[in-house]
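Here are the chains, one letter per residue:
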Amino acid sequence: MKRPGGELSSRPLHFIWITDCSGSMSVKGKIEALNTAIRNVIPHMQDTARENPNAKVLVRAIKFSDGASWHIAEPIPVDEFTWADLSTGGLTSLGRALRLVAEQLNTSQMSDRGLPPVLVLVSDGQPTDDFKSGLNELLATPWGKKSVRIAIAIGEDADIDVLQQFIGHPELKPLVAHNAEQLVHFIKWASTAVLQSASAPSSQMIKDSNTGNVPIPKPPTDNVDVDDVW
Amino acid sequence: MTAWRILTSSVRGATHERRDKPNQDAVDKHCSTNCVILALADGHGEAKCFRSARGAKIAVEKTVELLRQKFEKSDGSPSVNIIKEYLPREIVRTWRHAIKMHHDEAPFAEDHKCLLLDSEWRIAYGTTLLAAAAIPSGILFLQLGDGDILIVDSDNNVHSFPHDPRLIGNATLSLCDDKADTEFRVDWKDIPTIKLVLLATDGYRNSFRDDQGFQQAALDYALLIEQRGVDAVEQHIEEWLKETSRDGSGDDITVGILWCEDSLLTLENKDKFSDFEQEVAAIQPLSDSH
């Protein structure tokens, strides 16, 4: 006897890289390290997705420098996702980047069956535009408020306070990468352990969910025995 | 009295099976000549809601008991005050009392105590609640938190109670909320033109590609019961729900179905069918004695 109801489907989970392509990212191999880290983590993301078949992970990316634009605009199922290298030049329009995310997270474009989106911001500097209003616009959307937000700083010149505001969770701090190996560790954590948690989240009381986070696993400690470069 | 019948089924979700976690949903029911009652609850899965399965069980048992006491001997429509103020307040009060009793008898272990402040202990039992009670004069619906209520009318149209727009991304309201009694959504249908009512925890709807597919489930159950009888549905419902969780949301799924055995449904009162209105009753706050 046929099962009642229509077609079944896993729940969509939008994963968005928000990547700094300002001129300073061309120094000391930072952009090369970022491109390599993201490319190399894709098989691990695919493994994580396979372990959580009830979440349909859809990946995109935004780049920001002078202004912001979609680097990969269409949500790509993670098992089909490939990475195109970022190039650098210009300023640090993080506010604009967050507005682009907000546009996509407005409810009419997101299924209300969806899982909380995961936003991973990677930056080496300080915003040169109105970051605060961009963040406010993001957090004013229901899905922006519910999103899991992770921030990775590349080097010591990144504005930690800005990244902390983006995260919006008192117990979760920005991760600071001082070399390519650390960046790889943090990128892998953000795109696997965090993805794992977001893929099968528990129901949360609304007063807690407004902090915008599912329970986040502990970030990796810095055990990499390599000299700091950034 | 219209001959209402009840069918329920609850399955552990595919994700919980993979992670060896229990089903945190609960369901309870009551059938008598004058009164048919169904209650579902979905215990929260957050780490600090470590007794939510117990909280859900207590919620459905106490709700069914309360509604039975209120409606079993009733022969008229309940007053608006009863529906919108008294019942939510009493459900929360009796639930709080019951979990306090449980907590007093079984204090939290040390590794759980650290997850909550002393003042937050109720969160450990946090759960949603969905209920329907059919009596001769109509049907009462109550909802706190996520989950769904679908109604199939005598024309085989499916009506869905509107969703709370705040409840996305697994966010929900809870019986453990301080103001839970003011957050209930309640509705009463005086003259039902209802063939079937389906209550479900959110794992069910979240498993379908779209709302149309979910609503189709309610219609399919109505037609199956009409054409093949309830035994055929009872025989298969558990396997259907397991399949739904496996290929859909992965969540626990609990479904309760009320259906009308009589064919006395009329069309003349269709216009009285109204959607839920989210009401915030101005009621006396509950004391914090529990």
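As shown above, the structure is provided for reference.
Residues numbered from 1 in each chain as written. Chains lettered and ligands numbered in written order. Predicted model: local features only at pLDDT ≥ 70, side-chain atom pairs only at ≥ 80, totals over all residues. Heavy atoms only, no water.

**Here's the deal with the interface of chain A and chain B**
- Taken residue by residue, the interface counts 34 residues in chain A and 47 residues in chain B.
- Our count for the contact surface shared by chain A and chain B stands at three salt bridges.
- Our enumeration of links across chain A and chain B arrives at 15 residue pairs in polar contact (both at pLDDT 80 or more).
- Elements with a minimum of two residues in the side of chain A that touches chain B: helix H4 (142-146), strand E7 (204-205) and helix H7 (206-209) of chain A. (Contact = heavy atoms within 4.5 Å. Salt bridge = Lys/Arg side-chain N within 4 Å of Asp/Glu carboxyl O. Polar contact = N/O pair within 3.5 Å; in protein donor to acceptor, adjacent residues only side chain to side chain. Helix = DSSP H or I, 4+ residues; strand = E, 2+ residues; numbered from the N terminus.)

**Looking at the packing of aromatic side chains**
Residues and elements named next belong to chain B.
- One pass over the structure, following the stated rule, counts 10 aromatic pairs over all chains.
- When the centroid spacing of 6.1 Å and the interplanar angle of 65 degrees are considered together, the rings of Tyr221 and Trp240 count as edge-to-face. Taken together, the residues Tyr221 in helix H6 (residues 211-228) and Trp240 in helix H7 (residues 230-247) connect sequence positions 19 residues apart.
- Ring pairs connect the aromatic residues Phe50, Phe108, Trp121 and Tyr125, which therefore count as one cluster.
- The lysine or arginine in question, Lys70, covers the ring of Tyr86, its NZ or CZ lying 4.9 Å from the ring centre. (Phe/Tyr/Trp six-rings, centres within 6.5 Å; stacked < 30°, edge-to-face > 60°. Lys NZ or Arg CZ within 6 Å of the ring centre and 35° of its normal.)

**Digging into the nonpolar core**
Residue and element names in this part refer to chain A.
- In this structure, Trp17, Ile18, Phe166, Leu183 and Ile187 are the most contacted members of the largest nonpolar core, which totals 71 residues.
- Element by element, the count of residues in this core is highest for helix H1 (residues 30-51), at nine residues.
- Once you skip the residues sitting within four places of it in the chain, Ile187 turns out to touch Trp17, Leu34, Ala37, Ile38, Val41, Val122 and Ile152. (Core = buried A, V, L, I, M, F, W, Y, C linked by side-chain atoms within 4.5 Å. Buried < 20%, exposed > 50% of the residue type's maximum accessible area, 1.4 Å probe, protein only.)

**Topic: the packing of helix H3 (residues 131-139) of chain A against helix H5 (residues 160-167) of chain A**
Residues and elements named next belong to chain A.
- Viewed as axis vectors pointing N to C, H3 and H5 meet at an angle of 15 degrees, and their least axial separation amounts to 10 Å. The orientation of H3 with respect to H5, classified from their angle, is roughly parallel. The two elements H3 and H5 cross, and the hand of that crossing is right-handed. Mapping the contact onto sequence places Phe131, Lys132, Leu135 and Leu138 in H3 and Val162, Gln165 and Phe166 in H5. (Axes fitted to C-alpha atoms, helices over the stretch in contact; angles between N-to-C directions. Parallel < 35°, antiparallel > 145°, perpendicular 65-115°, else oblique. Left-handed = near helix turned anticlockwise from the far one by under 90°.)

**Here we look at the pairing of strand E2 (residues 25-31) of chain B**
Residues and elements named next belong to chain B.
- Bridge count between E2 and strand E3 (residues 36-42): seven bridges; the pairing is antiparallel. The partner of Val27 across the bridge, within E3, is Leu40.
- Hairpin remark: E2 followed by E3, antiparallel, with four residues in the connecting loop. (Pairing = 2+ DSSP bridges.)

**Thoughts on the pairing of strand E2 (residues 55-65) of chain A**
All names here are of chain A.
- Counting buried positions over the 11 residues of E2 gives nine, a clear majority of the element.
- The sheet contact formed by strand E1 (residues 11-20) and E2 spans 10 bridges and is parallel. Within E2, the residue paired with Pro12 across the bridge is Lys56.
- For the segment spanning E1, H1 and E2, crossover handedness is right-handed.
- The turn joining E2 and strand E3 (residues 67-77), which pair antiparallel and follow one another in sequence, is formed by one residue. (Right-handed = clockwise from strand over helix to strand, strands pointing away.)

**As for helix H6 (residues 180-199) of chain A**
Residue and element names in this part refer to chain A.
- Between its first and last C-alpha atoms H6 spans 27 Å; for 20 residues at 1.5 Å apiece the expected length is 28 Å, and the two agree.
- At Trp189, H6 shows its strongest bend, of approximately 30 degrees.
- Taken together, the buried positions of H6 are Gln182, Leu183, Phe186, Ile187, Trp189, Ala190, Ser191, Thr192, Val194, Leu195, Ala198 and Ser199.
- Close packing links the buried residues of H6 with E1, H1, E2, strand E4 (118-123), strand E5 (148-154) and strand E6 (175-177). (Expected span 1.5 Å × (residues − 1). Bend = angle between axes of the 7 residues up to and from the residue.)

**Things to note about the side chain of A:His71**
Residue and element names in this part refer to chain A.
- Structurally, His71 is set in strand E3.
- Its relative accessible area of 18% is what places His71 among the buried residues.
- At 2.5 Å, the side chain of His71 forms a polar contact with the backbone oxygen of Ala84.
- Those residues in contact with His71 that lie beyond four places of it in its chain are Ala61, Ile62, Lys63, Trp83, Ala84, Asp85 and Leu86.

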